[in-house]
Amino acid sequence: MMMAGDASESERETGVVLGFLEEAEPWQLLSAQFPSKVGGKPAWLSRLGLPELPELLCEKCQLPLGFLLQVYAPIVGFERSFHRTLYVLCCRTPACYTRNDNRCFKVYRSQLPRKNDFYPYDPPRDEEPADSGDEHRLLSSGVKLCWLCGCPGQKGCSRCHSVTYCSKEHQTIDWKQRHKNECSAEASSSSEVPNSFLFPEWELVTEPETHPVKGEESLDSKCLEQVDCASSELEEKELESMAHHESQDSKVFQKFKKRIAPEPEQVLRYCRGGAPLWVSSEHVASTADVPKCPCGANRNFEFQIMPQLLNYLKVDRPDASIDWGMLAIYTCTDSCDQGNKYSLEFIWKQDFSEDQPC
Ligand SMILES: [Zn+2]
Ligand SMILES: [Zn+2]
Ligand SMILES: [Zn+2]
Ligand SMILES: [Zn+2]
């Protein structure tokens, strides 16, 4: 993630870069601008080696995943990752979001050297290009994309042959929402009818986190004392371990709340090689929980997605909902090239503790 290196001297930076959402013009979120963004369709970096079905199916419900967000995060000093973008996809079925279960997510990494087949050597100009084509439907490499979700989709409409989809499911959704009115129409230049499969689209902008001014330890110690020890029916040992567990969890949660309080709108925290900010003491990823990259290198923490993002996604329903406490993304420490393909990386889902005391 790009950040301006001009923080004033009076600010103490923590090394974490925070992500916030802002509105943007559609062209600012196209791939040539190397955007970080949430929602809409993915802006694919490399135009070859994209992930596709059946790899993009949710492991729980077996429906195609949808695009959640992407983070442009080049690694300075490495030619192969001069351009580098991480993509997070997630399932749109609320019932798949079970506790501390990452099976309804996938993360991919794409990277390119500065000299590559798809983008100019020099940085893009900050103005709308004269002709940006329609990269959400057809990549310049010839890869056809699904008109609903923006992931690779080769299956054409059998009547008009002018639209393509990744799956029967997405063709059906798009037919009902839009295409049945346009399939036989002559000018099928097609309107951008709102598409209920996509999340609302935002630009992800960043700024460095600065250190809170004072009162570093005060909250943590207070919360430790709020443990209820009244029940006499429990054995002493059981009670002890419960109290210990609760106080630990409360401590972690208080630390989380305190750390984000100065910037409550943050939706993402980026710190490659740093440590995640956990929301609970339960289901914390250990080194052994994070699988190595197929290249043999370890994977390190790179960024986390915050629960605040949910407020922007319009996913709330009374019964069940797409939900998380936090999502931690771990990536290859070598940022290896896997034969110019998008590389699968690792995501960890942590939910809030069920008995959050505070
Ligand atoms: Zn699912
Ligand atoms: Zn699709
Ligand atoms: Zn058609
Ligand atoms: Zn690797």
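As annotated in an unreviewed UniProt entry, the protein chain carries the name MYND-type domain-containing protein and comes from Pygocentrus nattereri.

K.L.:
Quick question: what am I supposed to make of the overall build of the protein chain here?
P.N.:
Along its length, the protein chain carries 4 helices and 12 strands. Put simply, the protein chain has 358 residues, and 47% of those count as buried. A fraction of 72% describes how many contacts in the protein chain between residues 6 or more apart in sequence connect residues 24 or more apart.

K.L.:
What's the story with the coordination of the zinc ion (ligand 1) in this structure? I'm lost.
P.N.:
In ideal tetrahedral geometry, four donors around a metal make angles of 109.5 degrees, whereas ideal octahedral geometry with six donors gives angles of 90 or 180 degrees. Taken together, Cys58 (SG), Cys61 (SG), Cys91 (SG) and Cys96 (SG) make up the protein donors of the zinc ion (ligand 1), found 2.3 to 2.4 Å from the metal. Because the angles between the 4 donor atoms bound to the zinc ion (ligand 1) fall within 97 to 116°, the donor set is best described as tetrahedral. In the primary sequence, the donor residues of the zinc ion (ligand 1) line up as C-x2-C-x29-C-x4-C. Here Cys58 falls in the buried class, since its relative accessible area comes to 1%. For Cys61, a relative accessible area of 26% translates into the label partly exposed.

K.L.:
Please explain the packing of aromatic side chains as it appears in this structure.
P.N.:
Two measures describe an aromatic ring pair: the distance that separates the ring centres and the angle between the ring planes. Throughout the structure, instances matching the rule amount to 15 aromatic pairs. Plain terms: the ring middles of Phe34 and Tyr119 are 4.9 Å apart, the flat faces sit at 55° to each other, and that makes the pair tilted. Within this pair, whereas Phe34 is found in the loop between strand E1 (13-22) and strand E2 (37-38), its partner Tyr119 is found in the loop between strand E5 (105-112) and strand E6 (155-156), the two being separated by 85 residues in sequence. Given the relative accessible area of 5%, Tyr119 is considered buried. Among the aromatic residues, those joined into a cluster by ring pairs are Phe301, Tyr330, Phe346 and Trp348.

K.L.:
Explanation requested: helix H1 (residues 168-177) in the structure shown.
P.N.:
Within the span of H1, buried status applies to His170, Gln171 and Asp174. Seen end-on, H1 carries its buried residues on one side only, within an arc spanning 100°. Opposite the buried face of H1, at more than 90 degrees from it, the exposed residues are Lys168 and Lys176. The elements touched by buried residues of H1 are E6 and strand E7 (164-165).

K.L.:
Before we go on, may I ask you to explain the coordination of the zinc ion (ligand 3) in this structure?
P.N.:
Note on the zinc ion (ligand 3): its protein donors are Cys157 (SG), Cys160 (SG), His179 (NE2) and Cys183 (SG). The metal-donor distances range over 2.0 to 2.5 Å. Here the zinc ion (ligand 3) is ringed by 4 donor atoms whose angles at the metal span 103 to 116°, and the overall shape comes out tetrahedral. For the zinc ion (ligand 3), the single-chain donor residues occur in sequence as C-x2-C-x18-H-x3-C. Taking relative accessible area as the criterion, Cys157 reaches 4% and is therefore assigned buried.

K.L.:
Just to check I follow, could you spell out the sheet that holds strand E4 (residues 83-90) for this structure?
P.N.:
Whenever strands of a sheet pair, they do so through backbone hydrogen bonds, lying parallel or antiparallel. Spatially, E1-E8-E2-E3-E4-E5-E12-E11-E10-E9 is the arrangement adopted by the 10 strands of the closed barrel, whose pairing is antiparallel. Where E1 meets strand E8 (residues 202-210), 7 bridges bridge the pair, whose relative direction is antiparallel. Directly across from Phe20, in E8, lies its bridge partner Val205.

K.L.:
I tried to follow the pattern of salt bridges on my own but got confused; where do I start?
P.N.:
Pairing between side chains of opposite charge can happen when the charged atoms of each approach one another. Throughout the structure, instances matching the rule amount to 17 salt bridges. The residue Glu59 makes a salt bridge to Lys106 at a minimum N-O spacing of 3.9 Å. In this pair, Glu59 is assigned in the loop between E2 and strand E3 (66-72) and Lys106 in strand E5, connecting sequence segments 47 residues apart. Assessed through its relative accessible area of 45%, Glu59 is described here as partly exposed. Residue Lys106 is classed as buried on the basis of its relative accessible area of 11%. Close ionic contact of Glu302 with Arg84 constitutes a salt bridge, the shortest N to O distance being 2.7 Å. Of the two residues, Glu302 sits in strand E10 (residues 299-305) while Arg84 sits in strand E4, which places them 218 residues apart along the sequence. With respect to class, Glu302 is no different from Arg84; both count as buried. The network of salt bridges with common partners includes Lys60, Asp101 and Arg103.

K.L.:
Just checking my understanding: could you explain the nonpolar core for this structure?
P.N.:
Grouped burial of nonpolar side chains is what soluble globular proteins tend to show. Grouped together as the largest cluster of nonpolar side chains are 64 residues, with contacts concentrated most on Leu68, Leu69, Val88, Phe303, Ile305, Leu309 and Trp324. One finds Val16, Trp278, Ala285 and Met326 within the second-largest nonpolar core, a separate group that totals 19 residues.

K.L.:
Looking at this model, I keep getting lost on the pairing of E1. Mind explaining?
P.N.:
If a strand is regular, its side chains alternate between the two faces of the sheet. Where E1 lies against strand E9 (residues 268-270), 3 bridges are found, and the strand directions are antiparallel. Paired with Val17 across the two strands is Tyr270, which belongs to E9.

K.L.:
In this structure, what is going on with the pairing of E8? I would like to understand it.
P.N.:
As paired strands, E2 and E8 are joined by 2 bridges and run antiparallel to one another. Bridged to Lys37 within E8 is Glu203.

K.L.:
So what exactly am I meant to see when it comes to unusual backbone geometry here?
P.N.:
Glycine aside, a negative phi is what most residues show, and trans is what most peptide bonds show. With an omega of 5°, the peptide bond running from Leu53 to Pro54 counts as cis. Along the chain, Pro54 falls in the loop between E2 and E3. The backbone of Phe34 shows a phi angle near 50°, a positive value even though the residue is not glycine. In this structure Phe34 comes out as buried when scored by relative accessible area, which is 13%. Although it is not a glycine, Gln62 sits at a positive phi angle of roughly 65°. Looking at the secondary structure, you find Gln62 in the loop between E2 and E3. The exposure class assigned to Gln62 is partly exposed, which follows from its relative accessible area of 44%.

About the thresholds
- Residues numbered from 1 in each chain as written.
- Chains lettered and ligands numbered in written order.
- Predicted model: local features only at pLDDT ≥ 70, side-chain atom pairs only at ≥ 80, totals over all residues.
- Heavy atoms only, no water.
- Helix = DSSP H or I, 4+ residues; strand = E, 2+ residues; numbered from the N terminus.
- Buried < 20%, exposed > 50% of the residue type's maximum accessible area, 1.4 Å probe, protein only.
- Contact = heavy atoms within 4.5 Å.
- Donors = N, O, S within 2.8 Å, 3.2 Å for Na, K, Ca; no water.
- Tetrahedral: all angles 85-135°; square planar, octahedral: opposite > 155°, others 65-115°.
- Phe/Tyr/Trp six-rings, centres within 6.5 Å; stacked < 30°, edge-to-face > 60°.
- Arc of directions from axis to C-beta.
- Pairing = 2+ DSSP bridges.
- Salt bridge = Lys/Arg side-chain N within 4 Å of Asp/Glu carboxyl O.
- Core = buried A, V, L, I, M, F, W, Y, C linked by side-chain atoms within 4.5 Å.

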